[in-house]
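Tertiary structure, described
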Amino acid sequence: MTTGADRPAVGAHAGAAPTARRIAAQTAFEARAILRNGEQLLVTVVVPVLALIALVQVESLDVDTGGLRRIDFFAPGVLALAVMTSSFTSQAIASAFDRRNGVLRLLSTTPLGRGGLIAGKVLGVLVVEVVQVLVIGLTAVALGWRPDAAGVGLALLAVALGTAAFTSLALLVAGTLRAEAVLAVANLALLLLALAGGVVVPADRLPGALQHVAVLLPSGALGEAMRGAFQHGAMPAWSVVVLVGWTAALGWGATRLFRWH
């Protein structure tokens, strides 16, 4: 005879793996999905590496580096750009098509749950970013980059803050627009932010009003945080405020507006 004590608790998933193991499995799946996709790999790793090489080696690109070597000037910004490609562009497109195809709706009803699914996506992005940082960082070192070791910890904090902000933006876009629209919006936004968002080139090098706009964008804040960490061993407080503010606003929006199907 089965007693009440033998029955699983209400809401429990009989036979389900522990929560941590479920999230770890989803994290591995999300990371593999990005790294095995040729188009995603091109955007997240190959493009930033080629951008770094071009910015450093093509001397016809006349940029005021403020007395810094080109590699020291551009490497932090390219790393910031890489964070944006994985946490925003790649994640927005993948999540949008998963939503259109019913994958998100299906996974949200499994023992993984909606919270576990989101956690797996965020952690999967962080795994991809580890690969990005290693590949881009080693490329930069090969080009002569010698970053201040004291700024590495601050740079990792900047990466975490930037990931939180741009993943929130990715989920907001992916959960409210059609997949085809997300594909266009995500790529266009990345291009605009890369050129005029204060990521690769500091906001004070941009023309006119863009200088003032860029410092208020998450892209500009992330770029300034990475440059401050690697070039000066300090992270601008304003960049932290901007990134935290955007994360809170975008996270609230994604929570309220995200549609799972």
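Residues numbered from 1 in each chain as written. Predicted model: local features only at pLDDT ≥ 70, side-chain atom pairs only at ≥ 80, totals over all residues. Heavy atoms only, no water.

Focus: the confidence of the model for the protein
Applied cut-off: What pLDDT expresses is the predictor's confidence in each residue, scored from 0 to 100. Secondary structure elements are defined from DSSP: runs of H or I of at least 4 residues count as helices, runs of E of at least 2 residues count as strands, and each element is numbered from the N terminus.
Per-residue confidence for the protein gives a mean pLDDT of 87, with 94% of residues at or over 70. Looking at the elements of the protein, mean pLDDT is at its lowest for helix α4 (residues 103-108), recorded as 82, and at its highest for helix α9 (residues 218-232), recorded as 95.

Describing the pattern of salt bridges
Applicable threshold: Any carboxyl oxygen of Asp or Glu within 4 Å of a side-chain nitrogen of Lys or Arg constitutes a salt bridge here. With a 1.4 Å probe rolled over the protein chains alone, any residue whose accessible area is under 20% of its type maximum counts as buried; one over 50% counts as exposed, and the rest are partly exposed.
Counted according to the given criterion, the structure contains seven salt bridges. The closest approach of N and O atoms between Lys 121 and Asp 98, which form a salt bridge, is 3.9 Å. Of the two residues, Lys 121 is situated in helix α5 (residues 113-142) and Asp 98 in helix α3 (residues 70-100); the sequence distance between them amounts to 23 residues. Residue classification places Lys 121 among the buried positions, given a relative accessible area of 4%.

Thoughts on helix α10 (residues 237-257)
The criterion, for reference: By definition here, a helix of n residues has an expected span of 1.5 Å times n minus one. The directions from the helix axis to the C-beta atoms form the arc being described. Note on contacts: a residue pair qualifies if any of its non-hydrogen atoms lie within 4.5 Å across the two residues.
For α10, spanning 21 residues, the distance from its first C-alpha to its last is 30 Å, which sits close to the expected 30 Å at 1.5 Å a residue. Turning to α10, its buried residues are Ser 239, Val 242, Leu 243, Leu 250, Gly 253 and Ala 254. Projected down its long axis, α10 carries its buried residues within an arc of 105°, all on one side. What points out from α10, more than 90 degrees from its buried face, is the exposed set Ala 237, Ala 248, Trp 252, Thr 255 and Arg 256. Buried residues along α10 sit against α6 (152-174) and α9.

As for the side chain of Thr 44
Within the secondary structure, Thr 44 is located in helix α2 (residues 38-57). Exposure remark for Thr 44: the relative accessible area of 0% places this residue in the buried category. Setting aside chain neighbours within four positions, we find Thr 44 in contact with Ile 34, Ala 82, Thr 85, Ser 86, Ser 90 and Gln 132.

With respect to the packing of aromatic side chains
Just so we agree on the cut-off: By convention, a stacked pair of Phe, Tyr or Trp rings (six-membered ring in the case of Trp) has centres within 6.5 Å and planes under 30 degrees apart, an edge-to-face pair has planes over 60 apart, and any other such pair is tilted.
What the rule picks out here adds up to four aromatic pairs. When the centroid spacing of 6.3 Å and the interplanar angle of 50° are considered together, the rings of Phe 88 and Phe 166 count as tilted. Of this pair, Phe 88 sits in helix α3 while Phe 166 is found in helix α6, placing the two residues 78 residues apart along the sequence. With centroids separated by 5.0 Å and ring planes inclined at 70°, the aromatic side chains of Phe 258 and Trp 260 adopt a geometry described as edge-to-face. Taken individually, Phe 258 and Trp 260 each receive the classification buried, so the pair is uniform in this respect.

Topic: the packing of α2 against α5
Rule in force here: Helix axes are fitted only over the stretch in contact, all axes being lines through C-alpha atoms; the angle between N-to-C directions runs from 0 to 180 degrees. Note on angle classes: values under 35 degrees are labelled roughly parallel, values over 145 roughly antiparallel, values of 65 to 115 roughly perpendicular, and the remainder oblique. Whether a crossing is left-handed or right-handed is set by the direction in which the near helix is turned from the far one by less than a right angle, anticlockwise for left-handed and clockwise for right-handed. For this classification, Asp, Glu, Lys and Arg are treated as charged, while Ala, Val, Leu, Ile, Met, Phe, Trp, Tyr, Cys and Pro are nonpolar and the rest, including Gly, are polar.
It is the contact of α2 with α5, at a shortest axis distance of 10 Å, that shows an interaxial angle of 20°. Between α2 and α5, the interaxial angle falls into the category roughly parallel. Crossing hand, α2 versus α5: right-handed. Taken together, the residues of α5 that come into contact with α2 (itself represented by Thr 44, Val 45, Pro 48, Val 49, Leu 52 and Ile 53) are Gln 132, Val 135, Ile 136, Thr 139 and Ala 140. Looking at the contact of α2 with α5, its residues break down into eight nonpolar, three polar and no charged.

Considering the nonpolar core
Worth spelling out the cut-off: Only buried Ala, Val, Leu, Ile, Met, Phe, Trp, Tyr and Cys residues count toward a nonpolar core, and they belong to the same one when joined by side-chain atoms within 4.5 Å.
Counting residues in hydrophobic clusters, the biggest one holds 59 residues, and the most contacted among them are Leu 52, Phe 88, Leu 222 and Met 226. Where this core is concerned, the elements lending two or more residues are α2, α3, α4, α5, α6, α7 (179-196), α9 and α10. Per element, the largest residue contribution to this core is 15 residues, and it comes from α3. The residues touching Phe 88, leaving out its near neighbours within four places in the chain, are Val 83, Phe 166, Leu 169, Ala 170, Val 173, Ala 186 and Ala 189.

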